[in-house]
Amino acid sequence: MNTLQAKKIVVAITGASAMVFLHSFLQLLENEQIEVHGICSESGEKVLQLETGISYTQLPGVTRWFDSKDFAAPPASGSAGYDAMVVLPCSMGTLAAIAAGISSTLVHRAADVILKENKKLLLVTRETPLNRTHLKNMLAVHDAGATICPPHPSFYLNPKSIEEAATTFSWRLGDQLGLEMKGRKRWEGMNV
Ligand SMILES: Cc1cc2nc3c(=O)[nH]c(=O)nc-3n(C[C@H](O)[C@H](O)[C@H](O)COP(=O)(O)O)c2cc1C
């Protein structure tokens, strides 16, 4: 059973494809009145611009953005009191850094801190196909306490657009964070 009810979280954007899921997830967090602080890697900025045409500062729901090179920012310390961190999307490079405990950017350090504090770390890992190193790194972070959440919409809920499909995935992340989510559709069995 998920007993977490996250109130303050870090969202990190790294340079993988799947930026389409960001807007819907951040909107959901705003609706749930979650305090959200953000970090965007340098590659994340470029891929976000390419896939959505916007800068990270135009995304909804984030009250503070920290530079990915800022090692003095609150997410770099366990005492800052975040309940959870979501890396959306999570590149294989960032996955590898987290798996190896290499804290060379604020994204990597924040994830390392979340794990050492035994808090919830959701990694929306995106790559296809996966090589052996990717799979080994996923197992390593799983064993260290992270949850791997590939960006897979719930097609059985019959989303009618990319945005609706993204929302079904945001609900899955919200479940992991213990959010109530008014209007969240759930599987209720086959109506046949
Ligand atoms: C358009 C584009 C799409 C990319 N998509 C992915 C991806 O889906 N998964 C991945 O692991 N890397 C992807 N990359 C490569 C990463 O951006 C690159 O490895 C980068 O160094 C990751 O750095 P970061 O984890 O600090 O953001 C992509 C790069 C570009 C330019």
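To be clear, the structure that these remarks concern was listed above.
All values reported here derive from a predicted model rather than from experimental measurement.

K.L.:
Please set out the nonpolar core residue by residue, giving values where relevant.
P.N.:
The biggest cluster of nonpolar side chains holds 56 residues, and the ones touching the most others in it are I9, M85, V86, V87 and A110. Ignoring any residue separated from it by four or fewer positions in sequence, one finds M85 in contact with I9, V10, A12, A110, A111, I114 and L121.

K.L.:
Describe in detail the site of the ligand, supporting the description with residues and values.
P.N.:
Taken together, 15 residues lie around the ligand, and T14, G15, A16, S41 and M92 are the ones closest in. Elements with a minimum of two residues in the shell around the ligand: α2 (42-52) and α3 (92-100). Within the shell around the ligand, the residues separate by chemical class into four nonpolar, nine polar and two charged.

K.L.:
Break down the sheet that holds strand β4 (residues 84-90) for me, with residues and values.
P.N.:
Here six strands make up an open sheet; going across it, the order is β3-β2-β1-β4-β5-β6 and the pairing parallel. The open sheet is flanked by β3 (62-67) and β6 (147-148), the only strands paired with a single partner. Bridge analysis of strand β1 (residues 8-13) against β4 gives four bridges, and the strand direction is parallel. Bridge pairing in β4 places A12 opposite V87. Contacts from helix α1 (residues 20-31) reach β1, β2 (35-40), β3, β4 and β5 (120-125) within the one sheet, and its direction differs from that of β4 by about 160 degrees.

K.L.:
Provide a residue-level description of unusual backbone geometry, including the pertinent values.
P.N.:
Most peptide bonds are trans, and most residues other than glycine sit at a negative phi. Cis peptide bonds are those with omega within 30 degrees of zero, and the linkage from L88 to P89 qualifies with -10 degrees. Position of P89 among the secondary structure elements: in strand β4. With an omega of -10 degrees, the peptide bond running from T128 to P129 counts as cis. Looking at the secondary structure, you find P129 in the loop between β5 and α5 (132-143). In this structure, N118 takes a positive phi of about 55 degrees despite not being glycine.

K.L.:
Before we move on, can you summarise the packing of α3 against α5 with the specific residues and values?
P.N.:
The description of two packed helices rests on the angle between their axes and on the distance between the axes. α5 packs onto α3 with a crossing angle of 45 degrees between their chain directions and a minimal axis gap of 9 Å. With respect to α5, the axis of α3 lies oblique. Note on packing geometry: the crossing formed by α3 with α5 is left-handed. Mapping the contact onto sequence places M92, L95, A96, I98 and A99 in α3 and H134, N137, M138, A140 and V141 in α5. Tallied by class, the residues present in the contact of α3 with α5 amount to eight nonpolar, two polar and no charged.

K.L.:
Describe helix α6 (residues 162-176), naming the residues involved and giving the relevant values.
P.N.:
When the terminal C-alpha atoms of α6 are compared, their 22 Å separation across 15 residues agrees well with the 21 Å that a helix rising 1.5 Å per residue should span. Taken together, the buried positions of α6 are occupied by A165, A166, T167, F169, S170, W171, L173 and G174. G178 sits one or two residues past α6 and shows a positive phi near 75 degrees.

K.L.:
An account of the packing of α3 against helix α4 (residues 106-116) is requested, with residue identities and associated values reported.
P.N.:
Two numbers describe how α3 lies on α4: the axes approach to 9 Å, and their chain directions differ by 45 degrees. Taken together, the axes of α3 and α4 are oblique relative to one another. Judged by the twist between their axes, the crossing of α3 over α4 is right-handed. Contacts from T94, A97 and I98 in α3 reach V107, H108, A111 and D112 in α4. Tallied by class, the residues present in the contact of α3 with α4 amount to four nonpolar, two polar and one charged.

Each value, and the rule that gives it
- Residues numbered from 1 in each chain as written.
- Predicted model: local features only at pLDDT ≥ 70, side-chain atom pairs only at ≥ 80, totals over all residues.
- Core = buried A, V, L, I, M, F, W, Y, C linked by C-beta atoms within 7 Å.
- Buried ≥ 20, exposed ≤ 12 C-beta atoms within 10 Å, placed from the backbone.
- Contact = placed C-beta atoms within 7 Å.
- Near = placed C-beta within 6 Å.
- Helix = DSSP H or I, 4+ residues; strand = E, 2+ residues; numbered from the N terminus.
- Nonpolar A, V, L, I, M, F, W, Y, C, P; charged D, E, K, R; others polar.
- Pairing = 2+ DSSP bridges.
- Axes fitted to C-alpha atoms, helices over the stretch in contact; angles between N-to-C directions.
- Parallel < 35°, antiparallel > 145°, perpendicular 65-115°, else oblique.
- Left-handed = near helix turned anticlockwise from the far one by under 90°.
- Expected span 1.5 Å × (residues − 1).

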